[in-house]
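# Observations on the model geometry
Chain residues, written in single-letter form:
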Amino acid sequence: MPSRNALVFIGISVIILVSCAAIYAYWQLSANAAMPAESGETLFQVAMFNVFSMGNFDGFFTFGELAKHGDFGIGTFDGLDGEMVALNGVFYQVPYSGQVLTANYSMKTPYATVTFFEPDQTIHIAGPVNYAELQMRIDESLPSDSAIYAVKVSGTFGYAKTRSVPAQTEPYPTLAEVVKNQSTFTFANISATAVGFWFPRSMEGVDYVGFHLHLVTDDHLGGGHLLECIVSNVTVELDQTNRYTLVLP
Ligand SMILES: [Zn+2]
């Protein structure tokens, strides 16, 4: 038979243990409330577009780090070595040659925008519509002109024209200068996905105002910065994003 003292000791120990667990649980809840986990509602951006486009092409943020902040987005590589398309957590590189590669996590980016894609609106467009008409149709569906939208267009591209840019070395020219020597690629009747964002006018300079989409074909053999297209039977998914994180070099 345990003594009365032993029973009191066990009783007090249980009370202390339960109290500690309660305090820990409360502390965890408060910590979570104070700092929400990054979700599909956060747009994560590496570098301001205007600063980047003036010729700040040195990569400073690894794709390994970038992957922690999004599985969907666009950007470029160290030295402006091609167009980046992130889709379903894979970071594709479309270099000047057009031969699509998969980026590894040790590579760095000087500019990128990513989010965890969780669509909250879907539009079907029968088409055929060209890029300007497509943008107009999506524009009409945006619930607010002050939020950021992640935009995903998937389906048949009867025609698509994309570009990539040649890798640069220092001293870097401006993006506008580089684009004069871009390579372009045309595609006919492909299944593909256009990935990108719509930024409100109020964020001019921070990012590219309006639509900025990069394309990757479903067979992952082609893509680039989308210049022109004609689409039919496409699904447009929109992910409204009200939180924004910007990382400066
Ligand atoms: Zn682009």
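A quick note: this is a predicted structure, and the numbers were derived from the prediction, not measured. (Residues numbered from 1 in each chain as written. Predicted model: local features only at pLDDT ≥ 70, side-chain atom pairs only at ≥ 80, totals over all residues. Heavy atoms only, no water.)

Counting 28 residues, the largest nonpolar core has L134, I138, V151, V153, F157 and V236 as its most contacted members. If you list the elements that add at least two residues to this core, you get β9 (121–125), α4 (131–141), β11 (148–164), β12 (183–199), β13 (210–217) and β14 (223–241). (Core = buried A, V, L, I, M, F, W, Y, C linked by side-chain atoms within 4.5 Å. Buried < 20%, exposed > 50% of the residue type's maximum accessible area, 1.4 Å probe, protein only. Helix = DSSP H or I, 4+ residues; strand = E, 2+ residues; numbered from the N terminus.)

This part takes up the layout of surface pockets. As a volume, the largest pocket reaches approximately 230 Å³. Lining the largest pocket are 17 residues, with F49, R163, L175, H212 and H225 sitting closest to its centre. Among the elements of the structure, α2 (49–53), β3 (72–76), α5 (175–179) and β13 are those that each provide at least two residues to the lining of the largest pocket. Residue contributions to the lining of the largest pocket peak at 3 residues, all from α5. Looking at the lining of the largest pocket residue by residue, the classes come out as 9 nonpolar, 6 polar and 2 charged. (1 Å grid on protein atoms, 1.4 Å probe; cavity = no way out; pocket = protein on both sides within 12 Å on 5 of 7 lines; lining within 4 Å. Points joined across faces, edges and corners; volume = space filled by probe spheres on them. Nonpolar A, V, L, I, M, F, W, Y, C, P; charged D, E, K, R; others polar.)

Judged by pairing direction, the sheet is mixed, and its 7 strands sit side by side in the order β6-β5-β4-β3-β8-β1-β15 without closing on themselves. Sheet topology places β6 (101–102) and β15 (243–247) at the edges, where each strand pairs with a single neighbour. Pairing of strand β5 (residues 90–94) with β6, which is carried by 2 bridges, proceeds in the antiparallel orientation. Bridge pairing in β6 places Y92 opposite T102. (Pairing = 2+ DSSP bridges.)

Moving on, we come to the coordination of the zinc ion. A four-donor tetrahedral metal ideally has 109.5 degree angles, and a six-donor octahedral metal ideally has angles of 90 or 180 degrees. Every protein donor of the zinc ion is accounted for by H212 (NE2), H214 (NE2) and H225 (ND1), and the metal-donor separations fall at 2.0 to 2.1 Å. Counting the intervening residues between successive donors of the zinc ion yields the motif H-x1-H-x10-H. Highlighted residues: H214 in strand β13 and H225 in strand β14, separated in sequence by 11 residues. Per residue, the accessibility class of H214 equals that of H225, and both read buried. (Donors = N, O, S within 2.8 Å, 3.2 Å for Na, K, Ca; no water.)

What follows is about the pattern of salt bridges. Counted by the stated rule, this structure contains 5 salt bridges. Two residues, K152 and E237, come together in a salt bridge whose shortest N-O distance is 4.0 Å. Note that K152 is positioned in strand β11 and E237 in strand β14, a separation of 85 residues in sequence. (Salt bridge = Lys/Arg side-chain N within 4 Å of Asp/Glu carboxyl O.)

A few words now on the environment of W198. Position of W198 among the secondary structure elements: in strand β12. Each C-alpha atom of the pair W198 and Q135 lies 9.7 Å from the other, and the pair is 63 residues apart in sequence. Apart from the residues lying within four places of it in its own chain, the contact partners of W198 are D139, L142, S144, D145, A147, I148, Y149, V151, G210 and F211. (Contact = heavy atoms within 4.5 Å.)

The values are spatial; any link to function lies outside them.
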